[in-house]
Amino acid sequence: YSEPIMISGATTTVYAYAANADGDVSDIVSATYKKVELMTIAEAKAAYDAAGANVEVVIDLAGAVITANYNNGTYVFIQDDEAGIYVYGSSVSYPAGTKFTDGRMTCTSTLYSGLHEITNAVFSNVLTTTTTVEPIVVTVAELNANFDTYEGRYVKLEGVELSGTTITQGEDVYAIFNRFDI
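**Student:** Help me get a handle on the overall build of the protein chain, residues and values and all.
**Tutor:** In terms of helices and strands, the protein chain carries 3 helices and 14 strands. For the protein chain, the exposed area adds up to about 11500 Å²; of that, 50% sits on carbon and sulfur atoms. One way to put it: in the protein chain the 8 positive side-chain charges average out to a point 3 Å from where the 23 negative ones average out.

Next comes the structure, spelled out in C-alpha cells:
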C-alpha cells in the first residue's frame, strides 16, 4: 500500500497477508486496534457519571498539575484549568508542583465514598516542568453550593474553625474526611 489504510469505528481488526510475484502467500495475521479518545479530567468524571460504573479512560495531562502527592503516590491530586481528581494507589513519583507539558494517563474512572477517583493509573509520554501551585480561595458556603467545581482541586479556606471532621465558617458547616491529619 502506498496510502494510509483508513479505519473507522471504535474497535477495528485488521487482517493482512503478504504475497510475492510468484504467487507465494504468507499466513494471515491480524491485529485489533481500539480508538482512544483523549479526555480532560472533567470529561473523565462525566464519563463515569454517565456510565454509573467503572470506565476506562485516557486523560490528556498537558497543562495539568499535581497539587499533592501524599504517601509516595498512594494519594495524588491532579488538576487542570477545569477540574481536579484524586488518583489512588498509583505509586507515582512526581512531586507537588509537577506540571505536565505533555502526557497521558490511562486509567479507570470510578467513585469512592461519593468522590471521583482514578485507579489503575498508567502514565505515558510524559514531559514535565515545575511550577508553583496557588490554591483557589473559597468559602465554606461556596464549597457547599458548588462541590462539583472544587472536588479534587487545591483550595484554601480562610477564617475557619476545624474541629475533628467539621469545618465551620460563620453559620456554614462542611464535613470532611480528615485523611491527612489536618
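So that's the structure; there's more coming.
**Student:** Please give an account of the pattern of salt bridges that cites residues and values.
**Tutor:** Close approach of charged atoms lets side chains of opposite charge pair. Applying the stated rule across the entire model yields 4 salt bridges. Between K45 and E151 there is a salt bridge whose closest N-O contact spans 3.4 Å. Taken as a pair, K45 in helix 1 (residues 41-51) and E151 in the loop between helix 3 (147-150) and strand 11 (155-157) lie far apart in primary sequence, 106 residues in all. The same class applies to K45 as to E151, namely buried.

**Student:** Outline the nonpolar core, listing residues and values.
**Tutor:** V57, I59, I78, M105, I118 and F123 are the most contacted members of the largest nonpolar core, which totals 22 residues. Those elements that place two or more of their residues in this core are helix 1, strand 4 (55-60), strand 6 (75-79), strand 7 (84-88), strand 8 (98-112) and strand 9 (115-130). Setting aside its immediate chain neighbours within four residues, M105 contacts V57, V58, I59, L61, I78, V87, I118, A121, V122 and F123. If you look at the next biggest cluster of nonpolar residues, it comprises 7 residues, including V138, V140, I167 and I176.

**Student:** Could you give me a rundown of the pairing of strand 8, with the residues and numbers involved?
**Tutor:** As paired elements, strand 4 and strand 8 share 6 bridges and run antiparallel to each other. Each residue of the ladder has a partner; that of V55, found in strand 8, is S109. With 12 bridges joining them, strand 8 and strand 9 adopt antiparallel strand pairing. By the bridge assignment, Y112 is partnered in strand 9 with L115.

**Student:** If you had to explain unusual backbone geometry to someone new, which residues and values would you point to?
**Tutor:** Here the phi dihedral of N71 falls at roughly 60°; this positive angle occurs in a residue that is not glycine. Mapped onto the fold, N71 is located in the loop between strand 5 (65-70) and strand 6. Despite not being glycine, S113 has its phi angle at roughly 50°, a positive value. Tracing the backbone shows S113 in the loop between strand 8 and strand 9.

**Student:** So what's going on with the environment of V76? Which residues, and what values?
**Tutor:** Structurally, V76 can be placed in strand 6. C-alpha separation for the pair V76 and S90, spaced 14 residues apart in sequence, amounts to 7.9 Å. If near-sequence neighbours (up to four positions away) are discounted, V76 is found in contact with I66, A68, N69, I85, Y86, V87, S90 and V92.

**Student:** Summarise the pairing of strand 14 (residues 172-175); cite the residues concerned and give the values.
**Tutor:** Two strands pair when backbone bridges link them, and strand 13 (residues 166-169) and strand 14 are joined in this way by 4 bridges, in the antiparallel orientation. Bridging across to strand 14, I167 finds its partner in Y174. What sits between the antiparallel neighbours strand 13 and strand 14 is a turn of 2 residues, in which G170 has the positive phi angle 65°.

Thresholds applied
- Position numbers for residues count from 1 along each chain, tracking the sequence in the order it is written.
- Per-residue local features are limited, in this predicted model, to residues with pLDDT of at least 70; the limit for side-chain atom pairs, both in listing and counting, is 80 or more; totals at the level of whole chains, interfaces and linings are taken over all residues.
- Calculation of side-chain values draws on the structure's entire complement of heavy atoms; hydrogens and water are dropped beforehand.
- The way it works is that DSSP assigns letters per residue, a run of H or I at least four long becomes a helix, a run of E at least two long becomes a strand, and they are numbered from the N terminus.
- The Shrake-Rupley method, run with a 1.4 Å probe, gives the accessible areas here. Residue values count only the displayed protein chains as cover.
- Charge counting treats Lys and Arg as positive and Asp and Glu as negative, with His and both chain ends excluded.
- Working definition for charges: the position is that of NZ of Lys, CZ of Arg, CG of Asp or CD of Glu.
- The rule for a salt bridge is simple: a side-chain nitrogen of Lys or Arg has to be within 4 Å of a carboxyl oxygen of Asp or Glu.
- When a residue's accessible area, from a 1.4 Å probe over protein chains only, is under 20% of the maximum for its type it is buried; when over 50% it is exposed; and in between it is partly exposed.
- Within this scheme, the nonpolar core is defined by two criteria: the residues are buried Ala, Val, Leu, Ile, Met, Phe, Trp, Tyr or Cys, and they are joined through side-chain atoms within 4.5 Å.
- By the convention used here, residues are in contact when the closest approach between their heavy atoms is within 4.5 Å.
- Between any two strands, at least two bridges found by DSSP are needed for them to pair.

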